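Reading the structure
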Amino acid sequence: MNLSDFKKMDEYMEITHDYMLKVNPFYGDFLKAMRYFNVLDALNNPTAEWSTPNNVIYENQTLALRHFPNKRLNDAKRPVLILPPQAGHHSNLSDYSAAQSLVRVFHRYGYDVYITHWQSATQEYKDLGMNDYIRLTDEAVDKIRERTGVYKIHIVGQCQGGWQSAVYTSLHQEKIATLVTAAAPIDVFAAPSQIVDNAQLPMEFFEFLVSRNNGLMNGKFMLQGFKSMQAEEHYVRKYFRLWDWIQNNDEDAIKRFSYFENWYEYTQFLPGRFYLDIIKNIFKENNLTKHGAFSLDGVPVDMANITCPVIIMAGKKDHITPPAQAFALKNLVSTPPEDVVEILTDGGHIGTLMGTEALREDWTAVNEVLKLAI
Amino acid sequence: MKTVKQQEKYHLDCVKALKKTQPWSLGSEVEKLALERGDHAAIIYYDRVITYADFNKAANRYASYFASQGLKKGDVVAMMMAGRPEYLFAVAGLSKLGVISALLTPEVRGEVLAGSINMAEARAVIIGHEYLDLFQGISERIRMHSPAHKLVECEERCPELPPGFENLGELLAAASEENPSTTAAVNTDDTLVYLFSAGSSGNRKAIPVLHKRFLAVGHKAGAFTRMNYDTIQYMSLPLHFNSGFNICFGGMIATGSTMVLRKRFSVHEFWDIIRRYKINYFVAVGEMCRYIFNQVTRRDDADNPLETVICNGIWGGLIEPFKKRFGLKHVIEIYGSTEGVGSFINYQEINDMCGNLNLAGVRQGEVVRCNFDTGELLRDENSCLIKCTPGHTGVLICEINELNVFTGYLNDPDATEAKLVRNAFKKGDLYYITNDLMELHDGDNISFVDRLGDSYRWKGKSVSAHQVSDVLLKFFGPIDDVTVYGVKVPGMEGRAGMAAMTYIEGEKMDWKRFIQYVNDRMPEHAIPLFLRIVQDSEGVNLLDQLKQKYKKEGISPLTIKDPMFYLDPVKESYVPFTMETYNAILENRIRF
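Just so we're clear, the structure is a prediction, and the values are computed from it rather than from any experiment.

A count of helices and strands for chain B gives 18 helices and 30 strands. Projected onto the principal axes, the alpha-carbon positions of chain B cover approximately 65 × 60 × 60 Å. Per-residue burial for chain B yields a buried fraction of 49% across its 592 residues. Looking at chain B alone, contacts between residues at least 24 apart form 69% of all its contacts between residues at least 6 apart.

A few words on the overall build of chain A. Counting secondary structure elements, chain A contains 14 helices and 12 strands. Across its three principal axes, chain A shows a C-alpha extent of roughly 75 × 50 × 40 Å. Scored against the burial criterion, the 374 residues of chain A give a buried share of 44%. A separation of at least 24 residues holds for 77% of the contacts in chain A among residues at least 6 apart in sequence.

Contacts between chain B and chain A engage 17 residues on the former and 17 residues on the latter. With three residues, helix 5 (residues 110–120) of chain B is the largest single contributor of residues to the side of chain B that touches chain A. Classifying every residue of the side of chain B that touches chain A by side-chain character gives seven nonpolar, three polar and seven charged.

On to the sheet that holds strand 11 (residues 258–261) of chain B. Residues and elements named next belong to chain B. One open sheet holds the eight strands; their spatial order is 2-1-11-10-12-13-14-15, and the pairing between them is mixed. Looking along the sheet, the strands with just one partner apiece sit at the ends: strand 2 (48–51) and strand 15 (344–345). Inspection of the sheet shows strand 1 (residues 41–45) paired to strand 2 by four bridges, in the antiparallel sense. Bridge pairing in strand 2 links Ile 43 to Ile 50.

Residues and elements named next belong to chain B. Spatial strand order, 7-6-5-3-4-8-9: seven strands in an open sheet with mixed pairing. If you trace the sheet from one side to the other, it starts and ends with strand 7 (165–167) and strand 9 (205–210), each paired once. Adjacent strand axes in the sheet meet at a mean angle of 25°, parallel and antiparallel pairs treated alike.

Once that is clear, we can look at the domain arrangement of chain A. On domain assignment, one finds that chain A holds domain 1 (3–41) and domain 2 (56–204 + 268–370). If you average the C-alpha positions of domain 1 of chain A and of domain 2 of chain A, the two centres end up 49 Å apart.

Residues Val 77, Ala 78, Met 79, Ala 102 and Tyr 194 of chain B are the most contacted members of the largest nonpolar core, which totals 140 residues. Ranked by residue count, the leading element in this core is helix 3 (residues 52–68) of chain B, at nine residues. Here this core spans two domains, since at least three of its residues come from each of domain 1 (4–264) and domain 2 (357–451) of chain B. Membership of the second largest hydrophobic core comes to 131 residues, among which are Cys 159, Ala 184, Leu 270 and Ile 306 of chain A.

Residues and elements named next belong to chain A. Running from N to C, helix 9 (residues 231–247) and helix 10 (residues 251–265) point in directions that differ by 145°, and their axes come no closer than 8 Å. Every pair of crossing elements has a handedness; the one defined by helix 9 and helix 10 is left-handed. Along the contact surface, helix 9 presents Leu 242, Trp 245 and Ile 246, while helix 10 presents Ala 253, Ile 254 and Phe 257.

Turning our eyes to something else, we now look at the domain arrangement of chain B. Residue and element names in this part refer to chain B. You can read the domains of chain B as domain 1 (4–264), domain 2 (357–451) and domain 3 (455–586). Between domain 1 and domain 2, the residue contacts involve 16 residues of the former and 11 residues of the latter. Those elements giving two or more residues to the side of domain 1 that touches domain 2 turn out to be strand 9 and helix 8 (211–224). Top element by residues in the side of domain 1 that touches domain 2 is strand 9. It accounts for five residues. Looking at the side of domain 1 that touches domain 2 residue by residue, the class counts come to nine nonpolar, three polar and four charged.

Let us look at the confidence of the model for chain B. As a general rule, the predicted coordinates of low-pLDDT regions are not to be interpreted in detail. Considering every residue of chain B, the mean pLDDT works out to 91; 98% of them sit at 70 or more. Complex prediction metrics read pTM 0.75 and ipTM 0.83.

What follows is about the confidence of the model for chain A. Looking at chain A as a whole, its pLDDT mean stands at 93, while 99% of the residues score no less than 70. For chain A, per-element mean pLDDT is lowest for helix 1 (residues 3–23) of chain A, which scores 80, and highest for strand 3 (residues 80–83) of chain A, which scores 98.

Our focus in this paragraph is the environment of Ala 173 of chain B. In this structure, Ala 173 of chain B sits in the loop between helix 7 (168–172) and strand 8 (191–197). As for Ala 173 of chain B and Tyr 62 of chain B, which are separated by 111 residues in sequence, their C-alpha atoms are 9.9 Å apart.

So, on to the pairing of strand 6 (residues 176–182) of chain A. All names here are of chain A. Within strand 6, six of the seven residues are buried, which leaves it mostly tucked inside the rest of the structure. Examined bridge by bridge, strand 5 (residues 153–158) and strand 6 share six bridges and lie parallel to one another. When the sheet's bridge partners are listed, Ile 153 is paired in strand 6 with Ile 176. Between the parallel pair strand 5 and strand 6, the chain is carried across by helix 5 (residues 160–171), and the sense of this crossover is right-handed. Sheet analysis places strand 6 next to strand 11 (residues 310–315), joined by four bridges and oriented parallel.

A few words now on the environment of Pro 523 of chain B. Residues and elements named next belong to chain B. Among the secondary structure elements, Pro 523 is positioned in the loop between helix 15 (511–521) and strand 28 (530–533). Taking the C-alpha atoms as reference points, Pro 523 and Glu 402, 121 residues apart in sequence, are found 36 Å from one another. Once you skip the residues sitting within four places of it in the chain, Pro 523 turns out to touch Glu 107 and Val 108.

Another aspect to go through is the packing of helix 4 (residues 130–148) of chain A against helix 5 of chain A. Residues and elements named next belong to chain A. Orientation of helix 4 relative to helix 5, taken along the N-to-C sense of each, is 70°, at an axis distance of 10 Å. What the angle tells us is that helix 4 and helix 5 run roughly perpendicular. Contacts between helix 4 and helix 5 involve Tyr 133, Ile 134, Thr 137 and Asp 138 on the former and, on the latter, Gln 164, Val 167, Tyr 168 and Leu 171.

Turning our attention to helix 7 (residues 203–211) of chain A. Side chains of residues three or four places apart in an α-helix project in the same direction, reflecting 3.6 residues per turn. Residue and element names in this part refer to chain A. For helix 7, every residue scored as buried is listed here: Phe 206, Leu 209 and Val 210. On an axial view of helix 7, the arc spanned by its buried residues comes to 100°, and they lie on one face. For helix 7, the exposed residues set more than 90 degrees away from the buried face come down to Glu 204, Phe 205, Phe 208 and Ser 211. Next to the buried residues of helix 7 lie strand 7 (216–218), helix 8 (219–229) and helix 11 (272–284).

Residues and elements named next belong to chain B. Summarising the sheet, strand 29 (residues 564–568) and strand 30 (residues 573–576) pair through four bridges and their orientation is antiparallel. Within the sheet, the bridge partner assigned to Phe 565 lies in strand 30 and is Pro 576. Two successive antiparallel strands, strand 29 and strand 30, enclose a turn made up of four residues, where Glu 572 displays a positive phi of approximately 55°.

The linkage connecting Ser 146 of chain B with the following residue, Pro 147 of chain B, adopts the cis geometry, with an omega of 5°. Mapping Pro 147 of chain B onto the fold places it in the loop between helix 6 (132–138) and strand 6 (149–153). Residues other than glycine seldom take positive phi values, yet Ala 183 of chain A does so here, at roughly 50°. Within the element layout of this structure, Ala 183 of chain A appears in the loop between strand 6 and helix 6 (194–199). In this structure, Asn 423 of chain B is a non-glycine residue whose phi angle is positive, near 50°. With respect to the helices and strands, the residue Asn 423 of chain B is situated in the loop between strand 21 (420–422) and strand 22 (430–440).

This part covers the environment of Asp 444 of chain B. All names here are of chain B. With respect to the helices, strands and loops of the structure, Asp 444 is situated in the loop between strand 22 and strand 23 (445–451). The exposure class of Asp 444 is partly exposed, given the 15 C-beta atoms found within 10 Å. In the structure, Asp 444 is positioned 104 residues away from Gln 548 in sequence and 30 Å away in space, judged by C-alpha atoms. With residues up to four places along the chain from it excluded, the contact list for Asp 444 reads Asn 356, Leu 357 and Asn 358.

Cut-offs used in this document
- Residues numbered from 1 in each chain as written.
- Chains lettered and ligands numbered in written order.
- Predicted model: local features only at pLDDT ≥ 70, side-chain atom pairs only at ≥ 80, totals over all residues.
- Helix = DSSP H or I, 4+ residues; strand = E, 2+ residues; numbered from the N terminus.
- Buried ≥ 20, exposed ≤ 12 C-beta atoms within 10 Å, placed from the backbone.
- Contact = placed C-beta atoms within 7 Å.
- Nonpolar A, V, L, I, M, F, W, Y, C, P; charged D, E, K, R; others polar.
- Pairing = 2+ DSSP bridges.
- Axes fitted to C-alpha atoms, helices over the stretch in contact; angles between N-to-C directions.
- Domains from an automatic or database assignment.
- Core = buried A, V, L, I, M, F, W, Y, C linked by C-beta atoms within 7 Å.
- Left-handed = near helix turned anticlockwise from the far one by under 90°.
- pLDDT = per-residue confidence, 0-100.
- Right-handed = clockwise from strand over helix to strand, strands pointing away.
- Parallel < 35°, antiparallel > 145°, perpendicular 65-115°, else oblique.
- Arc of directions from axis to C-beta.

So, in structure tokens, the structure goes:
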């Protein structure tokens, strides 16, 4: 077909639509149904992008250390390193969109920001464990210290990145000025949650999941697990909402839906050993609450080694990490109570990590407290 | 009994004596007044009449309690309380120990307020019950020095206090009413309070006020503004304002006169209060006089005891009609800043003037030429600043000397240095740059023209454009960049805030959340009245570079093609600003 054929086809389509709308009162719904399926169809191949300009300044194994230079204001004394969650999703949660980015919040407060971008694991890295991720975190911290000349930096851990930053700080307190954890499971038995209940399945079950992917944990399985906790929402309700938005021509809501679903459905692989280490040490044995109960590369992990100021965030409606599981960190560290700040957001799990309200109301509070750190 | 002339001479002698260190302080003056005029009313607060003897005893209780907590000379107590007698008892009592009161500005919110408290490095904070919720909202962002007491002034109410807060009234009950011995160790070179100001650029700053300045301002009120010991003044300005604290309270202490104190200004009750308490003296900021004048005319308008109005920023055209309608003897315009270098009092009452470069034969400052766009002071071939001649406009600079001390900004040497100009006219001299443009007139009289730099005045209060844009930027959402500046609004004093903003591509503003956000974080006078949505700024901070251009464009929709919004005073939300709205402002149908 040449260009004039396409034009002609458009004209025919227009005539057909006008005619159909006249003769069939339900034809409008058909068009909307087409739109509905087109929106969902576009989500079949989710993609991952960063919103704020950045450069990869260091790479090793699954780590790509990204630097987000602060072009507007750069007057904070210490840089910030963000450790995003590692639950099968992409690390760009910390820089979700131009309007909804944790990087942007730290930038506004004058911080230079770094993120450990954990890349999808390949067969080569299937045997990386918790000790390796702490080692990679240490490499990232050292790289930042080396290029900025700052001896102690602020570390911010989101969800799984939260326990990871707490474990890291307990092992390398001398390199960390302030520890911030957000929606991070620390004492998993401090409050009931379905994710912890699920984790009590026999270890063989999780080993089976890993073996199905030749030593890697498929993010899709983890996503399925999350969805199963609110099945009606994820498999039914949100589609009704989409249909309502299409009916009401709410383009903003449709745009927000597509953007979020694209992020949510994008999954990646974790090294199987790392995944099994987490299940065992954190979700089964609750070892973060036991001083020196497990060791990484021969060094016992003990939260009591943490002495720096600690900021703990948790979401009131978080069903994945209920507040009590996150706030439990305060009872384990040696930081004086007046230097431990608890921030309870109004949001749920993802809302606490990157929701517009949490960024505006709670992450700004984190920044204001950070400013007090010497 | 001294005549008025004798009193004026006494105050002038005191001002001159303050050039040297004197063993005087707020505390010692209160003790003296308690001895000499113990039965005279110091404060009338609704139905409470507090004599100078009562005032001194109450102040002593504060001194006694805080001394028992280990507070000593040089320590700081932060205060956040509405204007009531306890505020002044606390400051006076603490001053007897040499303890500095940090007079917080509760109109500011969130991060900015927490920053002020942290800046003061206080060992305790006194919170009026009316600000308890506000304080709790920021408590996690506050750091104080030990013992870090959080004391609530309950005003005879007994609210259930949250854990960690103590009822100050209960703690004071057992405290001594005797004069403490520490008062004698405090002199005029010691710091009395910290006041907070937007300054002319950057974030809020704390300004130490010495006893010397407090007493000098008070005695100048006695010498030049007809305040004497028979005066009954009406005081409804916030006590953390320079004019409220230094002029009104300073004047009351220097003259031993009476203050009728109210928490806030109410135009509807104004004349009732004036007549009821036989008030003859009133200190106002510009808008207050306009509000009073805009009330419906009554036949008995001139039948009142008010004689003198001291005003900062009154519109020149209003002075004569205001004076005539209310039968006033004097309307005296003054000019000053929280930093407090130089005194400018139009005591000769020359219309439209805000003062004179000389006060009682002492030179206060000069008006010098500058680059109006950059604010840079211009120098001649001998590297001296160039003084303006009558009829010309320039920046007012004030000489820093033994009486006009500039204490600088607390822990901010860079901001302090930026306000100084050295070797202005001869080697070794030192001047304070006001950043205010003044027109020089014959006889060294000056009139206010505009404010340079990053701040502007609205509703009688300084607004830091930098701080407002910082708050707006932290709304995040669609806002990519913001620059804030003051714009002239026809028929209004000062400049209203205008925020020029760029949006992130494809994002939209949630106006409901936005207005809620600004209301929660900014005092009313700082909330920008106008918003202008500018197309993509094509680069970081470009908006700031365009600020001068935008400032000149003002608010006229004839000049500005960008979409504009204004804060509708009735709907209390931002609505599109159209030619029709602009005309309504020109025709006085919309007032702010």
